[in-house]
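Below are the chains, spelled out letter by letter.
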Amino acid sequence: MKLADVMSAMHFDLLAQVALVIAVAGFVTVMVAVFLARNREPFRRAALMPLADDTVVRRPGDRA
Amino acid sequence: MASPGMRNERMEQFVYDDAIVRLFLLATLAWGLVGMLVGVVIALQLASPVFNLGLPWTSFGRLRPLHTNAVIFAFAGNAIFTGVYYSTQRLLKARMWSDALSRLHFWGWQAIIVAAALTLPLGINQSKEYAELEWPIDVAIALVWVAFSVNVFGTIAKRRERHLYVAIWFYISTLVAIAILHIFNNLVVVAGPFKSYSIYAGVQDAFMQWWYGHNAVAFFLTTPFLGMMYYFLPKAADRPVFSYRLSILHFWTLVFIYIWAGPHHLHYTALPAWASTLGMLFSVMLWMPSWGGMVNGLLTLRGAWHKVTEDPVLKFFVVAITFYGMSTFEGPLLSIKSVNALSHYTDWTIAHVHAGALGWVGFMVFGMVYWLLPRLFQAELWSKRLAELHFWIATVGILLYVVAIYAAGLTQGLMWRAFDETGRLAYPDFIETTMRLIPMYWVRVLGGVLYITGMVFCGLNALMTWRSGPARYAEPVHEAPSLAPMAPAPAAGGFRHAAWHRRWEGLPVTFSVWVGVAVVVASLFEIVPMFLIGSNVPTIRAVHPYTPLELAGRDIYVAEGCNNCHSQMIRPIRAETMRYGEYSKPGEFVYDHPFLWGSRRIGPDLARVGGKYPDLWHVRHMEDPRSTTPQSIMPAYPWLARTPLKWSAVERGVAAQSTLGVPYTPEQVRNAGGLAREQAKQIAGAIARQGGPAGLEETELVALVAYLQRLGTDIKKPSSVAAAAGSGEGAGR
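In this text the structure is predicted, and so the values were computed from the model without any measurement. (Residues numbered from 1 in each chain as written. Chains lettered and ligands numbered in written order. Predicted model: local features only at pLDDT ≥ 70, side-chain atom pairs only at ≥ 80, totals over all residues.)

## Description of the overall build of chain B
Quick reminder of the rule: Runs of E in the DSSP output that reach at least two residues are strands. Runs of H or I that reach at least four are helices, and both are numbered from the N terminus. The globule rule is 2.2 Å times the number of residues to the power 0.38, and the radius of gyration it is compared with is taken over C-alpha atoms. Counting other C-beta atoms within 10 Å of a residue's C-beta gives its exposure: the residue is buried at 20 or more, exposed at 12 or fewer, and partly exposed in between, where C-beta atoms are placed from the backbone. Any pair of residues counts as being in contact when their C-beta atoms, constructed from backbone geometry, are within 7 Å of one another.
Each helix and strand counted, chain B has 26 helices and 4 strands in total. Computed over the C-alpha atoms, the radius of gyration of chain B is 27 Å, within 12% of the 27 Å expected from 2.2 N^0.38 for a compact globule of 733 residues. In terms of overall dimensions, chain B has C-alpha extents of about 90 × 55 × 55 Å along its principal axes. Relative to its 733 residues, chain B shows a buried fraction of 55%. Once local pairs closer than 6 in sequence are excluded, the contacts in chain B between residues at least 24 apart make up 84%.

Shown next as C-alpha cells:
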C-alpha cells in the first residue's frame with residue numbers, strides 16, 4: 001500500500017475546520033500577549049522608535 | 001529602545017549608507033516609467049489591435065508579462081529596496097552590514113530586470129503568471145535575494161537597538177516567504193539554455209502557481225509596503241503609530257492567514273473542492289486584519305489631519321491606505337465562490353489588481369519618494385506644486401481606470417452568463433461581448449496616460465531636486481549606545497504573562513524561524529494532501545501525452561503568451577458548458593507541464609477548440625484574425641508561417657517531458673523529430689488540400705495548429721482509438 005492510498009482513504013473535508021481552529025488559537029494567543037496590561041509601556045516606547053532614529057551628533061565640517 | 005536599567009553606556013558613532021538608497025530610488029522611478037509605458041501600450045493594443053504593430057516582440061502576449069514583471073519586480077521591487085535600506089539602517093541604528101553586498105544586490109537586480117526586458121519580448125518565458133522568467137534568470141533572482149537577505153540579517157546582527165520595530169518584522173517575513181515561494185514554484189526540468197518545464201503537472205501545477213501568485217501579492221506587494229507604512233507614515237506625520245499593539249496583531253494575522261488563500265484563484269476549476277473552500281475561508285478571514293492595519297494607518301493621523309491639506313506626502317499616504325482598505329475588502333469578496341463565478345476570467349480582476357497596484361503600491365511609493373527626496377539629495381524639493389499636481393492627476397487617472405474596467409468586468413461576466421427566454425445563450429458569439437468593452441478600454445487608456453503623466457512629473461521633480469543638491473553629499477555622523485544585553489529569560493509564569501513575545505522581539509533568529517514555521521506549516525497543510533491524495537486527480541484512460549509536434553506547438557503557445565488571453569478551463573457552470581462544451585476534468589491535465597488554464601478571457605476559452613474548425617481556419621486566423629472574425633482584437637501572427645520549427649528543440653522537449661514521468665516510449669523519445677516531421681507533413685498536406693498555402697510543414701504554424709486541434713479531444717475519443725494513441729501507434733492524429 002502506498003502513502004497516496006492511505007491519504008486518499010482519509011477524509012479531508014475536516015481540513016478547513018482544523019486549520020480554522022489552529023489559526024484562531026494562534027490569533028487568541030498573540031492577542032492575549034499583546035493586550036496584557038503589563039506590556040503597555042514597552043509597546044508605547046516601541047511605537048516611538050521611528051521618531052527617534054536620526055540623532056545626528058556631527059556633520060561634516062564640525063569639529064570631532 | 002533599551003529597557004531602563006539595561007542600557008549599555010558605551011556610545012558608538014556610525015554613518016548610514018544613503019548612497020545605496022539614492023540608487024534604488026532613481027531605479028524605482030526609471031523602471032516605473034518603463035513598466036507603466038508598456039502598460040499604456042498594451043492597453044492601447046486591447047482598444048485597437050493595430051498597436052500590436054505586426055511584430056513578434058511587440059505583440060500583446062509577449063508584452064503583457066513584460067508589463068507585469070516590470071511594475072512588480074522593477075518598480076515595486078526597487079521601491080521596496082529603497083524603503084528597506086533607508087528604514088532598516090535607522091531602526092537598527094547601524095549601517096548596512098556590507099556595502100559590497102548592497103552594490104551586488106543593486107546591480108544584480110538591475111541586470112535581472114534588463115534580462116527580463118530582453119527575454120520576454122523574444123518569447124522566452126515559462127508561462128506562469130508573475131513567474132514567467134526562464135530558469136537562468138530564476139537562478140539569478142535566488143542568488144541576489146540571498147545576498148539581500150544576508151545583508152539585512154547581517155545588519156540585524158550588528159544592530160544597536162535591541163527591540164526590532166514592527167516594520168522590521170514585515171521585512172523579515174518578506175525575505176523568508178519570497179525565498180520559499182520563488183524556489184518551490186520555479187522547480188523545473190531544463191530542456192535548453194532558455195527552456196524548461198515545471199516539475200508539477202496540471203492540477204498540482206495550478207495549485208503551486210497560485211500558492212505562489214497570491215503570496216507574491218501578499219509578501220512582495222503587501223508586507224514590505226506595510227513595513228514602510230509603519231515607518232514612513234509616523235515620520236511624515238511626526239507622531240507615533242496609533243496602536244503598536246494593533247500593528248503586532250496585523251503582522252501575525254497576515255503571516256498566519258495569507259499563505260492559505262491561494263486556491264481562491266481556482267474556484268470551480270478542476271482543483272479539488274476542499275482546497276477551494278479552504279482558500280475561500282482564509283481569504284474571508286483576511287478582511288479583518290487588513291482593515292485593522294488600514295484603521296491603524298489612518299488613525300495615526302489623528303490630530304494631524306490639517307497637515308494632509310498642505311503636505312503632498314501625507315496626501316499620497318492617505319489615499320494609498322484607503323486603497324489598501326478597499327482592495328483588501330474586495331479581495332475577500334472576490335474569493336467567495338458565488339461572486340467568483342461571475343468575476344473570474346473577467347476584467348473585474350484586472351480592476352481589482354490595478355486598484356491595489358496603482359492606489360496602494362503606487363501611492364505608497366510616491367509618498368515615500370517625495371519624503372525621501374529632500375533628505376537623500378540634501379536639497380529642498382524642487383516643486384511642491386508639481387508634487388500636488390502629480391497627486392491629483394494620478395488620482396483622477398486611477399479613478400478613470402478602475403471605474404471603466406469594473407464596468408467592463410461586470411459587462412463581460414453578465415453577458416457571458418446571460419440566457420434568452422428560450423434558455424439559450426443570449427450572446428453565443430464571444431465577439432459580441434468583446435465589442436461592448438472597447439469604449440471602456442479607451443477610457444482605461446486615458447486613465448493610464450494620466451497616471452503615467454503624473455509619474456513623469458515625479459521623475460522631473462526628482463531629477464531637478466537631484467540637480468540642486470550638493471556635488472558631494474554630506475555624511476552626518478550618528479551616535480547610539482552599543483547593543484544592550486538580552487533580558488534574562490522569564491522565570492516560571494513567563495508564558496502566562498506573555499513575556500515570551502517580548503523576548504522574541506529582540507531575538508531575530510527565533511523570530512524569523514517562527515515566521516518561517518508559520519509560512520511552511522500553512523503551506524504544507526494544503527500542499528501535502530494536494531500531492532498525495534490520488535483521488536484529487538482521477539486518471540482518465542483516454543488521456544495520453546501530446547505527440548512531439550503537439551508538444552512543440554504547445555511551446556509556441558507559451559512563447560507567444562496565448563494563455564494571457566485564452567483560458568483552457570471550462571467550469572461546471574451551465575453558461576460555460578453551453579458555450580464551450582463539457583466541463584474540464586482534473587485527469588485531462590496530467591501531462592500538462594506546465595498547466596495552461598489561464599486567468600482571463602480576452603478571447604474565448606480553448607479547452608475544447610480541437611476539431612471545432614478545419615486546419616485552414618487556424619492558418620487564416622493566425623495570419624489575420626480579422627479575416628475569420630472581422631471585429632477580433634487578437635494580434636496577427638504572420639511570422640509563424642515564416643519561422644522554421646526547431647526540430648532539435650522538439651527532441652529536447654520530449655526528452656525533458658519523459659524525465660518528468662510523461663510516459664513516452666524510448667522509441668518516441670529517440671525519434672521525436674521524425675515523428676514530428678511525419679505529423680507536420682500530414683497537417684501541411686491537409687491545409688494545402690483545403691485550399692491553403694503549400695509548404696508549411698517546416699514552420700512553427702503547423703506545430704501550433706497540431707496543438708490547437710488536439711485540445712480537449714482526448715475524452716471524446718472512443719477508448720480503442722485512445723488506447724492505440726497511447727501505445728505509440730498514433731504519432732499523427
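## Side note on the packing of helix 2 (residues 60–92) of chain B against helix 5 (residues 166–185) of chain B
All names here are of chain B. Rules: An axis is simply a line fitted to the C-alpha atoms; with a helix, the fit covers only the stretch in contact. Between two such axes, the angle follows the N-to-C directions and lies from 0 to 180 degrees. We call two directions roughly parallel when the angle between them is under 35 degrees, roughly antiparallel when it is over 145, roughly perpendicular when it lies between 65 and 115, and oblique otherwise. In this scheme, a crossing is called left-handed if the near helix is turned counterclockwise away from the far one by less than a right angle; it is called right-handed if the turn is clockwise.
Following both chains from N to C, one finds helix 2 and helix 5 inclined at 130°, their axes separated by 10 Å at the closest point. Relative to helix 5, the element helix 2 is oriented oblique. In the crossing of helix 2 with helix 5, the sense of the turn from one axis to the other is left-handed. Between helix 2 and helix 5, the contacting residues are V84, S87, T88 and L91 on the first element and A167, I168 and Y171 on the second.

## Considering the domain arrangement of chain B
Residues and elements named next belong to chain B. Inclusion rule: Each domain's extent was defined by an automatic or database domain assignment. For this scheme, ten residues count as nonpolar: Ala, Val, Leu, Ile, Met, Phe, Trp, Tyr, Cys and Pro. Four count as charged, namely Asp, Glu, Lys and Arg, and the remainder, Gly too, count as polar.
For chain B, the domain assignment lists domain 1 (23–469 + 505–512) and domain 2 (548–726). Each of domain 1 and domain 2 was reduced to a C-alpha centroid, and the two centroids are 33 Å apart. Across the contact, 42 residues belong to domain 1 and 49 residues belong to domain 2. Every element with two or more residues in the side of domain 1 that touches domain 2 is listed here: helix 2, strand 2 (188–192), strand 3 (195–198), helix 6 (202–220) and helix 15 (430–467). Of the residues contributing to the side of domain 1 that touches domain 2, the split by class is 22 nonpolar, 13 polar and 7 charged.

## Description of the pairing of strand 2 of chain B
All names here are of chain B. Which entries qualify depends on this criterion: Two strands make a pair as long as DSSP finds a minimum of two bridges between them.
By the bridge criterion, 4 bridges tie strand 2 to strand 3 in an arrangement that is antiparallel. What sits directly across from G192, in strand 3, is K195. Here strand 2 folds back onto strand 3, and the loop between the two strands holds 2 residues.

## Digging into unusual backbone geometry
Residues and elements named next belong to chain B. Following H593, the chain continues into P594 via a peptide bond in cis, with omega recorded as 0°. Its place among the elements puts P594 in the loop between helix 19 (574–580) and helix 20 (615–623). Even without being a glycine, L53 presents a positive backbone phi close to 65°. Looking at the secondary structure, you find L53 in the loop between helix 1 (19–47) and helix 2. A positive phi is found at Y130, a non-glycine position, where the angle reads about 65°. Tracing the sequence through the fold places Y130 in the loop between helix 3 (99–119) and helix 4 (135–157).

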